[in-house]
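Here is what each chain is made of, one letter per residue.
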Amino acid sequence: MVDYFHDASDPYSHLVAQVLPQLVARYDIELVPHLVSPPPDWAAPDRQKLVSYSRLDAERLAARAGLDFKDPGEQPPSGRTQIAEAALAKAISAGTFFQEAAGIGEWLWTGEGQIPEAGGDAGAAKQEGDAKRDELGHYLAGTFHLDGEWFWGIDRLHYLEARLAAAGLRKPGAPDTPIFAPPPLLANPPAAQGQAPELHYYLSFRSPYTCIAASRVKALADAYGAELKLRFVLPMVMRGMQVPRTKGIYILKDTAREAQRLGIPFGKVADPVGEPVERGYSLLPWAMEEGKGFAYAESFLNGVWAEGIDAGSDSGLKTIVERAGLDWKTAKPLIGNEDWKPIAEANRAEMMGLGIWGVPSFRVGDVSAWGQDRLWLIEEALQRERGLA
């Protein structure tokens, strides 16, 4: 049995609804839908930015995946949302959710088409769905759950399909290619030409996703002749934001899964939160001045997320510094300085000004994106900057 959690007001859920008929047609599974509420406050540290960015991101993702979603610039009116939720609740009770969810979502987001027939108890359905999601240990919508593993949106659907296929549940004659596969990077790398664009990389030494993005960001910069700008920011928890255990566990598991797919070392962790991050950041501006900013950042990230190096110790930081090609004797007296703090704050303000609140994030020209899953979007922006698209 596969559980699926749907939030009518979540654009990623609307994308998933469009592929559910394909999923149940391809695999011999019992797919159980649940209606849920938006994520709790602790999972949405800046809810307005999250909501606005989700619509923009879903529009971009829909275009890449051949699905339908246009950002209307605001959330659907509450009255229309209530009608859609009641219709979805009724469809769940009638066993017709997979046939009706996409159409209900289309009406909700566009206001076009036939008004869905309501009648379901959305309140009770969401209460049940929220309780089930809490019991299983998650917080997002547009998610699938199978035997303790979570799969978020169409971005992680290919992992669910792989598990189902490995269990022998693919139906005879069903396609053996994913419904949506992660877009590859650098499939046809260009020769650098013209003025070098800037690739801004908003990062945190405490972010596991930042770690597994690093080598690919550098590869994109090198391939397109872009100037890589390191924009380090304080981790969320060091900015007063909550990252509860449930969220932290999911992030680590998801990062490990992505790292394995990408062939990137990950998993021997020495969490650098607090003083290790501050020690690391105190040396980063100097490393950048020495022309080895990326080498140092990558050494630090790999050290704490893949090798279990304690960056809070001198011996650990010495290893990180020296293998980046930097001099430890020069570095050691710089540890603990606070010159990096106004830089980190300026980077944070710049990032937040882009409508983004977390890392890793990226900007090329007027295109900004959050998450290592969207590096394909940054490559497209680099292609346009180079006149290649």
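Note that the coordinates shown come from a computational prediction; the quantities given were computed from them, not determined experimentally.

Draft legend 1. Representation of the nonpolar core within the structure. Formed by 117 residues in total, the largest nonpolar core has its most connected members in Phe 144, Phe 205 and Tyr 296. Among the elements that line this core, the one with the most residues is helix H7 (residues 208-223), at nine residues. The contacts of Tyr 296, once residues within four sequence positions are left out, are Phe 205, Arg 279, Gly 280, Leu 283, Leu 284, Ala 287, Leu 317, Ile 320, Val 321, Ala 324 and Leu 326.

Draft legend 2. Broad picture of helix H13 (residues 340-353). Here H13 spans 20 Å end to end across 14 residues, near enough to the 20 Å set by a 1.5 Å rise per residue. Inspection of H13 places Trp 340, Ala 344, Asn 347, Met 351 and Met 352 among the buried residues, and these make up the whole buried set. Looking straight down H13, one finds that the buried residues subtend no more than 130 degrees of arc, so they occupy a single side. Along H13, the residues that are exposed and aim more than 90 degrees away from the buried face are Pro 342 and Gly 353. Lining the buried residues of H13 we find helix H2 (47-65), strand E5 (198-203), strand E6 (227-232) and helix H9 (275-289). The positive-phi residue at the C-terminal boundary of H13 is Gly 355, with phi of around 85 degrees.

Draft legend 3. Spatial organisation of the sheet that holds strand E4 (residues 149-152). The strand order E2-E1-E3-E4 describes an open sheet built from four strands, whose pairing is mixed. Each edge of the open sheet carries a strand with a single partner, namely strand E2 (31-35) and E4. Adjacent strand axes in the sheet meet at a mean angle of 20 degrees when their direction is disregarded. Sheet topology places strand E1 (residues 2-6) next to strand E3 (residues 143-146); three bridges connect them, and they run antiparallel. Note that in E3 the partner of Phe 5 across the bridge is Thr 143. Of the strands in this sheet, E1, E2, E3 and E4 touch helix H1 (residues 11-26), which is tilted by about 150 degrees from E1. Helix-sheet contacts for helix H6 (residues 157-166) involve E1, E3 and E4, and the interaxial angle to E3 is about 25 degrees.

Draft legend 4. Molecular detail of the environment of Glu 338. As for its position among the elements, Glu 338 is in the loop between helix H12 (328-331) and H13. C-alpha separation for the pair Glu 338 and Tyr 281, spaced 57 residues apart in sequence, amounts to 8.9 Å.

Reading the values: the criteria
- Residues numbered from 1 in each chain as written.
- Predicted model: local features only at pLDDT ≥ 70, side-chain atom pairs only at ≥ 80, totals over all residues.
- Heavy atoms only, no water.
- Core = buried A, V, L, I, M, F, W, Y, C linked by side-chain atoms within 4.5 Å.
- Buried < 20%, exposed > 50% of the residue type's maximum accessible area, 1.4 Å probe, protein only.
- Helix = DSSP H or I, 4+ residues; strand = E, 2+ residues; numbered from the N terminus.
- Contact = heavy atoms within 4.5 Å.
- Expected span 1.5 Å × (residues − 1).
- Arc of directions from axis to C-beta.
- Pairing = 2+ DSSP bridges.
- Axes fitted to C-alpha atoms, helices over the stretch in contact; angles between N-to-C directions.

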